[in-house]
Amino acid sequence: MIISNSISIFRPVIQSSAPSLLLDDYGDGIAAAYSVRKIRADYSGSAFRVRRDSDDTEQDIGFDTDGNLDESALTAFVGANDGRIVTWYDQTTNGNNATQAASNRQMRVVTSGTVEKIGTKVAPNAVGTRTYYETSSIISVTPPQTTIGVIKPDATSGNFSFIGENQTGTYKFGGHSDRLFLHGGSQISTSDGAIAQAHMIAVGLCNGASSEIRVNGSQEATGNTSGNNYSINAVFGPFNSSSNMRGPMQEILIYTADKSTDIADIETDINTYFSVH
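Residues numbered from 1 in each chain as written. Predicted model: local features only at pLDDT ≥ 70, side-chain atom pairs only at ≥ 80, totals over all residues. Heavy atoms only, no water.

**So, the overall build of the protein**
- Helices and strands together make up the secondary structure of the protein, namely three helices and 21 strands.
- For the C-alpha atoms alone, the extent of the protein along its principal axes is close to 95 × 50 × 35 Å.
- Buried positions account for 51% of the 277 residues belonging to the protein.
- Sequence separation of 24 or more characterises 67% of the internal contacts of the protein that already satisfy a separation of 6 or more.
- Here the protein has roughly 12100 Å² of accessible surface; of this, 43% comes from carbon and sulfur atoms.
- For the protein, the centre of its 19 positive side-chain charges and the centre of its 29 negative side-chain charges are spaced 4 Å apart. (Helix = DSSP H or I, 4+ residues; strand = E, 2+ residues; numbered from the N terminus. Buried < 20%, exposed > 50% of the residue type's maximum accessible area, 1.4 Å probe, protein only. Contact = heavy atoms within 4.5 Å. Areas by Shrake-Rupley, 256 points an atom, 1.4 Å probe, with all protein chains shown as cover. Lys, Arg positive; Asp, Glu negative; His and termini not counted. Charge placed at Lys NZ, Arg CZ, Asp CG, Glu CD.)

**Quick word on the nonpolar core**
- F48, L253 and I254 are the most contacted members of the largest nonpolar core, which has 68 residues in total.
- Not counting residues up to four positions away in its chain, the partners in contact with L253 are L22, I30, A32, A33, I39, T146, T147, I148, I266 and I270. (Core = buried A, V, L, I, M, F, W, Y, C linked by side-chain atoms within 4.5 Å.)

**Side note on the pairing of strand 6 (residues 108-111)**
- Direction of pairing for strand 4 (residues 83-88) relative to strand 6: antiparallel, over a ladder of two bridges. Each residue of the ladder has a partner; that of G83, found in strand 6, is V110.
- Pairing geometry for strand 6 and strand 7 (residues 114-115), over two bridges, is antiparallel. Its bridge partner lying in strand 7, V110 is registered against V115.
- In this antiparallel pair of consecutive strands, strand 6 and strand 7, the connection spans two residues, and S112 shows a positive phi of 50 degrees. (Pairing = 2+ DSSP bridges.)

**Let's talk about a negative patch on the surface**
- A cluster of acidic residues, D24, D25, D42 and D265, forms a negative patch at the surface.
- With a relative accessible area of 35%, D24 lands in the partly exposed category. (Patch = residues over 30% accessible without salt bridge, like charges linked within 9 Å, V, L, I, M, F, W, Y side chains within 5 Å. Salt bridge = Lys/Arg side-chain N within 4 Å of Asp/Glu carboxyl O.)

**Focus on the pattern of salt bridges**
- Using the criterion set out here, one finds eleven salt bridges in the structure.
- Across the pair R108 and E116 runs a salt bridge, and its minimum N-O distance is 2.9 Å.
- Judged by relative accessible area, R108 falls into the buried class, the value being 19%.

Listed below in structure tokens is the structure:
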């Protein structure tokens, strides 16, 4: 009789997982998120819907395999024309998409066949008066609340918002190329000239007497925005106002929470991708 002494060894197959993205690591308290990059691994939708101005045909534009905006799909659709964003898709699980139906109030993402960019990253441009996108659901806020925007204001003076409430509402966050303000019932602001460059990661925390504005990783203003409740229903501009921020804008994150504990890591993630500063 032959006795086999062989031993079978089972080696489990280790499945590689996709790297975590911004909202996978820092998604607690997120109410809405709009970006030219993919920021949640399980998100399977598009970045935004684009209108080709030559014939007003529309198409959703998503991401490539690296999580960047699919520029090939964008330019193939728009051709030598201008392309404008109709809808920004919310990448959270809340589905709070933001839409602007009026063609003259839509951000431009392609100009005569050339994609709008800052460096190598897509940067849709608010070029018209009253540019804004209305969220499908109003975000009701009981402070603390944190907004983060990747913006490059064109204006060198004045208060121009990139996010806000309706026309009679309280909440506004914006400014111009070297100054920001934050209004949540009362206003705080940086001084003119305090911001060294127009391309910025702007952070506004409304948290009563502990409110703050941060720019490119540094705290630039503190104060009291009041502890009043407010709503947010307009992004990439205030609701139907001529005081809309003009210039490129690449990402807006709206948290109904104080993100002070995570803010340095969030800023690093954003800067690593967009090379802001």
